[in-house]
Amino acid sequence: MHDFVHPARPIAHVLTDLAGTYLAVDDAYCEILGRERGALIGEGAVQFTNPVEQAEHVAVIAQLCDTGIPLTISKSYMRPDGKLMRVQNHASVITDGIGPRRLVATVMPLADLTPVTALESNFATVTRMLRARRGRALAFGEDRFAGHKWDIALACYKLECTGPRLTIADLCREVGLDPAGGALTVVEMVARGDLEIEHAGRGLADSAIRSSIALQHELTRYLSSYGGVPGSIAEADAVSPGP
């Protein structure tokens, strides 16, 4: 990866304890991470590091704490919008000889001329998918949308946003189901109260269908919580330290 110091961004500074907990950050550091100071102080620095780089980062900071020898590392921070901010950190151990040792780092934003790698992009995608799957179980339970029912519920929600009339056949095409088998699943969801048949057609597949008002509200809440990019990968088990 080819990194160059970004000429237009200010140099930032950060102070942590040896466990990597933020003690003080300046405005430039908050700008790099895209977060308010209050969202950082008291939190572990490693959770804001690109998850792909966390293990290497933890090992390097452990070396710094053990040896006390200043070092320079390049790394990426994960911003709330899911974008990566590439930086170069010059980190040192400091002490006044009386109180506890601290870690201090000068952080310089880099102009990264290499696009985000497929591994990093895929990691963010998988993290979002796993988060959404866990959220689905919390919001709806494990059994309510078993099999193809979850795909049907999402497809119905999606297609209602794009057209005034939606048939069971439309739903089956969207999900890739055989109309006969898919229609039976839809009927089960109607009986459960998640979907409603608006108008009977010439046959079941041609009947107009819609999400119930209750399901629309539930899906709206679910998607607002789990449909976006990961803001911080705090779901990955917190490892320890470092600025």
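Quick note: structure is the one above.
Summary of the structure given here. All values derive from a computational prediction rather than experimental measurement. (Residues numbered from 1 in each chain as written. Predicted model: local features only at pLDDT ≥ 70, side-chain atom pairs only at ≥ 80, totals over all residues. Heavy atoms only, no water.)

### As for the environment of glutamine 54
For step 1, the next point in the chain: Here glutamine 54 is to be found in helix H2 (residues 54-67).
For step 2, the next point in the chain: Remark: the alpha-carbon pair of glutamine 54 and lysine 75, spanning 21 residues in sequence, is separated by 9.0 Å. (Helix = DSSP H or I, 4+ residues; strand = E, 2+ residues; numbered from the N terminus.)

### Overview of H2
For step 1, the next point in the chain: A rise of 1.5 Å per residue sets the reference length of H2, with its 14 residues, at 20 Å; its end C-alpha atoms lie 20 Å apart and thus fit the reference within 8%.
For step 2, the next point in the chain: Listed as buried for H2 are Gln54, His57, Val58, Val60, Ile61, Leu64 and Cys65. The buried side chains of H2 occupy one side of the element, clustering within an arc of 165° when seen end-on. When the buried face of H2 is taken as reference, the exposed residues oriented beyond 90 degrees from it are Ala55, Glu56 and Asp66.
For step 3, the next point in the chain: Taken from the residues just after H2, glycine 68 is the one with a positive phi, measuring 75°. (Expected span 1.5 Å × (residues − 1). Buried < 20%, exposed > 50% of the residue type's maximum accessible area, 1.4 Å probe, protein only. Arc of directions from axis to C-beta.)

### Things to note about the pattern of salt bridges
For step 1, the next point in the chain: Applying the stated criterion across every chain yields a total of nine salt bridges.
For step 2, the next point in the chain: Between arginine 37 and aspartate 27 there is a salt bridge whose closest N-O contact spans 2.7 Å. Of this pair, arginine 37 sits in the loop between helix H1 (27-33) and H2 while aspartate 27 sits in helix H1; the two residues are 10 residues apart in sequence, bridging distant segments of the chain.
For step 3, the next point in the chain: A residue is classified by how much of its surface remains accessible, and aspartate 27, at 58% relative accessible area, is exposed.
For step 4, the next point in the chain: Linking glutamate 53 and arginine 86 is a salt bridge whose minimum nitrogen-to-oxygen distance equals 3.0 Å. Of this pair, glutamate 53 sits in the loop between H1 and H2 while arginine 86 sits in strand S5 (residues 84-94), and the two are 33 residues apart along the sequence.
For step 5, the next point in the chain: In this structure glutamate 53 comes out as buried when scored by relative accessible area, which is 11%.
For step 6, the next point in the chain: Using a relative accessible area of 12% as the deciding quantity, one classes arginine 86 as buried. (Salt bridge = Lys/Arg side-chain N within 4 Å of Asp/Glu carboxyl O.)

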